[in-house]
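Understanding the architecture of this molecule
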Amino acid sequence: MLPKASTFAELTRNFRWQIPAQYNIGADISDKWAARKPSRTAIVHVHPDGRSDNYSFGWLRENSNRLANALRAHGVARGDRVAVYLPQSPEVVSTHAAIYKLGAVALPIAIVFGPDALSYRLQNSGAKAIVTNAAGAAKVAENRGEAPGLKLVVSVDGAENGVEDFRTLIEKASADFSAVATTPDDPGLMIYTSGTTGQPKGALHGHRVVLGHLPGVELPHDFFPQPGDLFWTPADWAWAGGLLDVLLPSLHHGVPVVSRKFDKFDPDEAYALMAKQGIRNVFIPPTALRMLRSAQSPRDRHDVKLRTLGSGGESLGAETYEWGKETFGLVINEFYGQTECNLVLSSCAMLGVSKPGAIGKAVPGHEVAVIREDGNVCEPEELGQIAVKRPNPVMFLEYWQREQATKEKFIGDWMLTGDQGVQDAEGYFHFVGRDDDVITSAGYRIGPGEIEDCLIRHPAVALAAVVGKPDALRTEIVKAFVQLKPGFAANEQLASEIQNFVRTKLAAHEYPREVDFVEAMPMTTTGKVIRRLLREQV
């Protein structure tokens, strides 16, 4: 979608959205390429023992058509919600394509969610069907009565009490299916997103969401796709980062995606996977990159040859930025967005858009600004809230059955992200923190990102997270949670040394007045530190 350009200014000036009047994600990611070359590889599925199997676009078209027919036979109709509760696998891809072709709404649910979180999403969405595995089916059974709209449970691990077998359904169904004629604004996807208060909200997206993501994928991956590209991410395909930053845009472009289930992110396994499969393009969140950074001598053991490395979801930091150049011989292109409106800011070193500590500039096609509480745009370097202007093809349609919450997401035509940031005089955006992450101490407003970046420069620190702790004198103090590298012992002397390290590197008001050592950092499957859990410990 991005036009050819030699400068970022030229690229922005010449960009025009290309949104057709009729568009269906399922037909786009499977049928389009199957019609041209059925044998073209869509998915490279890697087993835990290292074996890999290739799945073609022809396979994807046939299996998604069969599943669409099977779901329709069981009463799933246009507009119905169908949950997908599986780890990375070829079945995830064919299920998504089938749901979109039906005109139904895909409801991806991260495999890390337990019975209660799963039950809430099934009940709140009114899901009619779910495709899962044996473990997921068992979780569904625990609270089945709380989701009365759920009529069909399908398992890739076989049939059991009240559960249909995925493969049997496919084998019995016809391979002929014509995708429902959907418009770009017809609902096609809903991803639940958690806020600071209340239950998670379902961010409902139209089919256009994939097209809206294309510039934000192509830019940080240096005009993706290029010949030989092969994409992988450790992020669960149920999250926006895995599904919309990698899987669906890659298939739109006919680029194969590597599928590999990780129960827990393992740096050594990640390095081995990238080397063995010849992966060229990756999206790896900042915390996962820091875990890669702490691995022992990866270049001595793994021949990783990446073409592009994109990162986002939280602040990357200058330290990890520089490490990426040294380790991989390329610049980590940082980008930014959220479930409701994703990939709207990005870096692109190829075009000279790259700055340590910055999350990039507005991706062509998106109007982004830092605004004040009254909706007016801030001056350069003035702290405010990052906001995106509508209409915008990547922006969500609404929060599911939450009309008031949808209204509160906007000031005029500005969609509020809930993220504090600044825009500098060069047009670069700098992420300071979530509204609830920003620390107010002795009159200073302190973002955790800069302190965390400083902490991991200390030779003993593998991972670090910073939160505010209530304090009668200062309102809040900075408290650091630190995971040490192997060979270092947690003690008061080391804590004091780390405190002084930050004090001398940054500023007296930013150093952590308390340091707690942790065995492991609480993280999402996408590699974000769950600061909420850390705040509960202060």
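Use the structure listed above.
Throughout what follows, the structure given in this document is the object of discussion. These numbers come from a predicted model, not from an experiment. (Residues numbered from 1 in each chain as written. Predicted model: local features only at pLDDT ≥ 70, side-chain atom pairs only at ≥ 80, totals over all residues. Heavy atoms only, no water.)

Here we look at the packing of aromatic side chains
- Counted by the stated rule, this structure contains 13 aromatic pairs.
- Measuring from centroid to centroid gives 6.4 Å for Tyr336 and Phe431, while their planes differ by 40 degrees, and the two rings are tilted. Highlighted residues: Tyr336 in strand β14 (residues 333-338) and Phe431 in strand β22 (residues 429-434), separated in sequence by 95 residues.
- Seen from their ring centres, Phe396 and Phe410 are 6.3 Å apart, and the 5 degrees between their planes marks the pair as stacked. (Phe/Tyr/Trp six-rings, centres within 6.5 Å; stacked < 30°, edge-to-face > 60°. Helix = DSSP H or I, 4+ residues; strand = E, 2+ residues; numbered from the N terminus.)

A look at the pattern of salt bridges
- Under the counting rule described, the total for this entry stands at 29 salt bridges.
- Note that Asp229 is salt-bridged to Arg280, the shortest N-O span being 3.1 Å. A residue pair is termed long-range when its members are at least 10 positions apart, and Asp229 in the loop between α8 (209-218) and β10 (231-232) and Arg280 in the loop between α10 (267-277) and β12 (281-283) qualify at 51 residues.
- Here Asp229 falls in the buried class, since its relative accessible area comes to 6%.
- Notably, a salt bridge pairs Glu403 with Lys407, separated by 3.6 Å at the nearest N-O pair. Of the two residues, Glu403 and Lys407 both sit in helix α14 (residues 403-408), four residues apart, roughly one turn of that helix. One exposure class covers both Glu403 and Lys407, and it is exposed. (Salt bridge = Lys/Arg side-chain N within 4 Å of Asp/Glu carboxyl O. Buried < 20%, exposed > 50% of the residue type's maximum accessible area, 1.4 Å probe, protein only.)

As for α8
- In terms of burial, α8 is largely enclosed, as ten of its ten residues are buried.
- Among the residues of α8, those classed as buried are Val209, Val210, Leu211, Gly212, His213, Leu214, Pro215, Gly216, Val217 and Glu218.
- On its buried face, α8 sits against α2 (25-36), β8 (187-193), β9 (201-206), β10, α9 (240-252) and β15 (341-346). (Contact = heavy atoms within 4.5 Å.)

Considering the pairing of strand β17 (residues 368-371)
- Here β17 shows no split at all, with Val368 and Val370 on one side and Ala369 and Ile371 on the other all buried.
- As judged from the four bridges shared by β17 and strand β18 (residues 384-389), these two strands associate in the antiparallel manner. Within β18, the residue paired with Val368 across the bridge is Val388. (Pairing = 2+ DSSP bridges.)

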